[in-house]
Amino acid sequence: MAERRNAEAALLQAQKVQAMGQLAGGIAHDFNNVLQAVSGGAALIRRRSGDAAAVERLAGMIEGAAWRGEAVTRRLLAFSRREELRADVLDLGELLGGLREVLAATLGAKIRVEVDAEAGLPPILADRGQLETVLVNLATNARDAMPRGGTFTVAATAEVVAGGAAPPHPAGLRPGRYVRLSATDTGIGMDAETLARAAEPFFTTKPAGGGTGLGLAMAREFAEQAGGGFAVASEPGRGTKVTLWLPSIDAP
């Protein structure tokens, strides 16, 4: 029994070290992208200091890069502990419309960003910062799954979930009124084995240093903290669809 306990402790420690190494590599990759954007923008501003329009545009690019760095930090903090949600009444259609430009800049010219929000969506009660971070994470995953370009679509619609709801609703989703938020890409997709582990913390199919593996794990945590649900559907060659059910409210 003592030998077994020692072996289990050694295995646990090895898993911790492996997870920390993977996490550190992913953080280094994410922040390297941020620093390259900041340093590149600053160098261009120095060269074009007399062109006010160019300076303003480049300053906006640097601010966007800094915002993405903040999103990485927020993602790690939110995952490392169950933060108290700073819940606000949100108009999801308005939020998605304002975030579209940010997502387009994040994904690059090869990927088309589409937003399809149903008119008259009921408000939701959620943490705005965490929701925006979740959407940026999903967009980044979609970009990596579409190396040759494609389409990333964010859609939102109202839905009433009855008792005993079956798939595609996640197990345990309570009956009630929700806003169904989905993020769909036209990328390479996932096989059944990868899909089964996709939302596990630190699990990633990217090369070493290519990501933290926390994007989907945080999306699931966010939806469950909000009292909703989370699901992923994917097939090789047919893209991936991530869906969050967020409870709607009748009035502020």
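Each residue is numbered by its place in its chain's sequence as written, counting from 1. For a predicted model such as this one, the threshold for reporting local features is a pLDDT of at least 70, and the threshold for listing and counting side-chain atom pairs is 80 or more; totals across whole chains, interfaces and linings nevertheless cover every residue. Side-chain figures throughout are based on the complete set of non-hydrogen atoms in the structure, without hydrogens or water.

Novice: Can you lay out helix α3 (residues 92–107) for me, pointing to particular residues and giving the numbers?
Specialist: In a regular helix each residue adds 1.5 Å, so 16 residues correspond to 22 Å; α3 covers 21 Å between its end C-alpha atoms and thus fits that length. In this analysis the local bend is the angle between axes fitted, respectively, to the seven residues ending at and the seven residues starting at the residue. Helix and strand assignments come from DSSP, with helices taken as H or I runs of at least 4 residues and strands as E runs of at least 2, each series counted from the N terminus. Where α3 bends most, at Leu99, the angle is about 35°. Buried residues are those whose accessible area, probed at 1.4 Å on protein chains only, stays under 20% of the maximum for their type, while exposed residues exceed 50% and partly exposed ones sit between those limits. Residues Leu92, Leu95, Leu96, Leu99, Leu103, Thr106 and Leu107 constitute the buried set of α3. Within 3.5 Å is the distance limit for a polar contact, defined as a pair of N or O atoms, with the added protein rule that one can donate a hydrogen and the other accept it, and that residues adjacent in sequence qualify only through two side-chain atoms. Its side-chain oxygen placed 3.1 Å from the backbone nitrogen of Gly93, Asp91 serves as the N-cap of α3. Note on α3: the residue one or two positions beyond its end, Gly108, has a positive phi of about 95°. One less than the residue count of a helix, multiplied by 1.5 Å, gives the span that helix is expected to have.

Novice: With reference to specific residues and values, describe the sheet that holds strand β7 (residues 240–247).
Specialist: For two strands to be treated as a pair, DSSP must find at least two bridges joining them. Taking strand neighbours across the sheet as the criterion, the five strands line up as β2-β4-β5-β7-β6 in an open arrangement whose pairing is mixed. Taken across any chain shown, the strands that pair with only one partner, and hence form the sheet edges, are β2 (111–117) and β6 (229–234). Ignoring strand direction, the axes of neighbouring strands in this sheet form an average angle of 15°. As paired strands, β6 and β7 are joined by six bridges and run antiparallel to one another. When the bridges of β7 are listed, Ser234 appears paired with Thr240. The contact criterion used is simple: two residues touch if any of their non-hydrogen atoms lie within 4.5 Å. Helix axes use the C-alpha atoms of the stretch in contact, all axes being lines fitted to C-alpha atoms, and the angles between their N-to-C directions lie in the range 0 to 180 degrees. Relative to the sheet, helix α4 (residues 128–145) contacts β2, β4 (150–161), β5 (176–185) and β7, its axis offset from that of β5 by approximately 30°.

Novice: Lay out the pairing of β4 with the relevant residues and their values.
Specialist: In this structure, β2 lies alongside β4, joined through seven bridges in parallel fashion. From the neighbouring strand, Glu114 faces β4, where its bridge partner is Thr153. Two strands pair when backbone bridges link them, and β4 and β5 are joined in this way by ten bridges, in the antiparallel orientation. What sits directly across from Val161, in β5, is Gly176.

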